[in-house]
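# Coordinate analysis (summary)
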Amino acid sequence: WYHPDVRYLFHKHISDYLPGMTSSESNRAIRYGSGHKVGGTALIANATWSTRIKTEIKDPYGRWSGFVVHGLDGFRCIILTVYQANYKDWNLHPKSAYAQQRSMFVTEGRRCIDCRRNFYTDLQKLLRPYCTEGTGIIVGGDFNANLRDPTHPLEKFFQSLALTDVHEYRHPTVQPTFTWQAGSHPIDFVYVSTNLLPHVTAAGMERFYDHVPSDHRGIFLDIKLGDFLKGHPADVQPPTRRGIRST
């Protein structure tokens, strides 16, 4: 992922599909001389919403990336895509995402080198300042944990921030299903703050390999974010449509 050719092709393909888009990406800084799971996250905003971005968020461990978009009268919304490393015995899997993050924590001299505990504490430090009436929060991604379990520490944390599993909220009678092809529980979720719930128009998940070539289900959320922000962004035309033509 950090190879310049790979990053270039990613940006080229996205810009061909979404001219004028903005992408926020994060990946771990640790490097190996052989094949390994680099990991990381990326969040993409189209040209229209790119005009509302005030802050870009990148995590040095590749655990999340995102934007803060602003509206009128001080309204704003933080949008994050996250990845929590699956637990692996770092002795048996020295190149796993878990082991890579652990190595970075050791190098930095952090007192806690437990990747999952640091994920929880660092995400808490990031999100708590945004818990205000005029700020919306959207957090989605692969948590590698069954957050439908009400006793899970991360689920308790989201509850303390008044964040809601939007799929469960929209489909309360639907039984949870696995979102990883080899799993038995949901591990991919989208959480939103309660002040955004009235603006959510749809939420759900797709079949495996439907639109997205992945062993995880695609999770989607439709939200009228402009309504919450008290104003919709201007429709920005791509560069190819901005030429001056005359006869």
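A brief look at the structure comes next. (Residues numbered from 1 in each chain as written. Predicted model: local features only at pLDDT ≥ 70, side-chain atom pairs only at ≥ 80, totals over all residues. Heavy atoms only, no water.)

### Focus on the overall build of the chain
- Secondary structure summary: the chain contains 7 helices and 10 strands in total.
- Split into buried and exposed, the 247 residues of the chain put 42% on the buried side.
- Once local pairs closer than 6 in sequence are excluded, the contacts in the chain between residues at least 24 apart make up 65%.
- About 13600 Å² of surface is accessible on the chain, with carbon and sulfur atoms providing 54% of the total. (Helix = DSSP H or I, 4+ residues; strand = E, 2+ residues; numbered from the N terminus. Buried < 20%, exposed > 50% of the residue type's maximum accessible area, 1.4 Å probe, protein only. Contact = heavy atoms within 4.5 Å. Areas by Shrake-Rupley, 256 points an atom, 1.4 Å probe, with all protein chains shown as cover.)

### Re the packing of helix 4 (residues 115-127) against helix 5 (residues 153-160)
- The interhelical angle for the contact between helix 4 and helix 5, taken along N-to-C directions, is 10°, at an axis separation of 11 Å. When the interaxial angle is binned, helix 4 and helix 5 end up roughly parallel. Residue-level contacts link F119, Y120, L123, Q124 and L127 of helix 4 to P153, L154, F157 and F158 of helix 5.
- Of the residues contributing to the contact of helix 4 with helix 5, the split by class is 8 nonpolar, 1 polar and no charged. (Axes fitted to C-alpha atoms, helices over the stretch in contact; angles between N-to-C directions. Parallel < 35°, antiparallel > 145°, perpendicular 65-115°, else oblique. Nonpolar A, V, L, I, M, F, W, Y, C, P; charged D, E, K, R; others polar.)

### Details of the pattern of salt bridges
- This model, assessed by the stated rule, comprises 8 salt bridges.
- For D122, the salt bridge identified is with R63, shortest N-O distance 2.8 Å. Of this pair, D122 sits in helix 4 while R63 sits in the loop between strand 3 (53-58) and strand 4 (64-70), and the two are 59 residues apart along the sequence.
- For D122, a relative accessible area of 12% translates into the label buried.
- Members of the salt-bridge network, linked through shared partners, are D59, R63, R110 and D122. (Salt bridge = Lys/Arg side-chain N within 4 Å of Asp/Glu carboxyl O.)

### A look at the nonpolar core
- Within the largest apolar cluster, 23 residues are counted, with the highest numbers of intra-cluster contacts made by L123, L127, F143 and F158.
- Elements with a minimum of two residues in this core: strand 4, strand 5 (76-83), helix 4, strand 6 (135-142), helix 5 and strand 8 (188-193).
- With 4 residues, helix 4 is the single largest residue contributor to this core.
- What L123 contacts, discounting residues up to four positions off in sequence, is W64, L80, N118, F157 and F158. (Core = buried A, V, L, I, M, F, W, Y, C linked by side-chain atoms within 4.5 Å.)

### Observations regarding the sheet that holds strand 3
- Strand order in the open sheet made by the 6 strands is 3-4-5-6-8-7, with mixed pairing throughout. Only two strands of the sheet have a single neighbouring strand rather than two, namely strand 3 and strand 7 (163-165). Strand-to-strand twist in this sheet, taken as the mean axis angle between neighbours without regard to direction, amounts to 15°.
- Here 5 bridges tie strand 3 to strand 4, and the two strands are oriented antiparallel to one another. Residue pairing for strand 4: T55 is matched across the bridge by V68.
- Seen against the sheet, helix 4 touches strand 3, strand 4, strand 5, strand 6 and strand 7 and runs at an angle of roughly 170° to strand 5. (Pairing = 2+ DSSP bridges.)

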